[in-house]
Amino acid sequence: MIRKIALAGNPNSGKTTLFNALTGANQSVGNWPGVTVEKKEGVLRGNKEVRIIDLPGIYSLSPYSPEERVARNYLRDEAPDAIINIIDGSNLERNLYLTTQLAELSIPVVAAINMIDVVKKRGESIDCAKLSKKLGLPVVEISALKGTGIDTLIKEACAAAEEKTAPVSKRIFQGSVEKALAEVEMAFADTLPADRIRWYSIKLFEGDPEVLDELKDNTRGIERAAAVRERCEAEYDDDAESIITSERYAYITTLIKESHKKQSGPRLT
Ligand code: BGO
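Since we're looking at a predicted model, the values are computed, not measured.

### Here's the deal with the packing of helix H10 (residues 219–236) against helix H11 (residues 240–259)
And step 1. Contact geometry for H10 and H11: axes closest at 9 Å, N-to-C directions at 65 degrees. With respect to H11, the axis of H10 lies roughly perpendicular. Remark: the crossing between H10 and H11 carries left-handed chirality. Where H10 approaches H11, its residues Arg229, Cys232, Glu233 and Tyr236 are matched on the opposing element by Ala240, Ile243 and Glu247.
And step 2. In terms of residue class, the contact of H10 with H11 is made up of 4 nonpolar, no polar and 3 charged.

Below, the structure is given as structure tokens:
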């Protein structure tokens, strides 16, 4: 049976280098339908049953750029068997922002911490086991350029695609925001699948225009979400999207504090 694994990550995270390492010469290049965004697909080296789909480089799953829309629509509509989320380990904070969003899609995710050679050269280390436990998904360190960790990554990604174990959404935000999201979830509990409700409730809270349109038939739910959003925006004196962004970064700070060890002494040259 053919399995589909999507490759997602920030621009410059090493996605192209990893895609080449995973697929070798077995690549086809075209455009995503309706947009001039390049689409690359390939067959996993040594396993004809696995196709790797290279998503555009993105920082977030918002609907504001063609790249973000392509990635988001693909993940929602095609539901790949797993996602490999490539993360630039030398820019953990910025890259983990996307990871927190991918983990909400109820699709299995394997995080590949790339540029580990750069991280080590700086005298730093990343505790992948700790990060994995906190995020609730497998975390593998790799260097796409040097070819290290790729076999382990392939093994983990194929297992994730086979077993279909998606990360369980955790309540990672502070009290008032989680309370608001729980209220939105309740308003849509009868109309949305349980495994997608976290993602939808965050998008409804943010006022994501595409999701508001998609769910417009539940007028009472939409009104409830708007009321909850307004209440929270007044409480935080900020707009809903910025509230969620800040909450994600606060969570990422705790992740990094526990898993990223910086060198303490003078840097060796
Ligand atoms: C240049 N380790 C190191 N050290 N570098 C890596 C690794 C890694 O594990 N993986 C990727 N890179 P892309 P996107 C470059 O091109 O795959 C490097 O945007 C240069 N080019 O080699 O393109 C990779 O697809 C001149 O670096 O990323 C590339 O996600 C000088 O990260 C860059 C230095 O990788 C981005 C680097 C002319």
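### Quick look at the sheet that holds strand E8 (residues 139–141)
And step 1. In space, the 7 strands of this open sheet follow the order E2-E3-E4-E1-E5-E6-E8, with mixed pairing throughout. The two strands at the open ends of the sheet, each matched to only one other strand, are strand E2 (27–31) and E8. Neighbouring strand axes in the sheet, compared pairwise and without regard to direction, differ in orientation by 25 degrees on average.
And step 2. Here strand E5 (residues 82–88) pairs with strand E6 (residues 109–114) via 6 bridges, running parallel. The residue of E6 that forms the bridge with Asp88 is Asn114.
And step 3. Sheet contacts for helix H1 (residues 15–23): strand E1 (3–9), E2, strand E3 (38–43), strand E4 (50–54) and E5; angle to E3, the most-contacted strand, approximately 30 degrees.

About the thresholds
- Residues numbered from 1 in each chain as written.
- Predicted model: local features only at pLDDT ≥ 70, side-chain atom pairs only at ≥ 80, totals over all residues.
- Heavy atoms only, no water.
- Axes fitted to C-alpha atoms, helices over the stretch in contact; angles between N-to-C directions.
- Helix = DSSP H or I, 4+ residues; strand = E, 2+ residues; numbered from the N terminus.
- Parallel < 35°, antiparallel > 145°, perpendicular 65-115°, else oblique.
- Left-handed = near helix turned anticlockwise from the far one by under 90°.
- Contact = heavy atoms within 4.5 Å.
- Nonpolar A, V, L, I, M, F, W, Y, C, P; charged D, E, K, R; others polar.
- Pairing = 2+ DSSP bridges.

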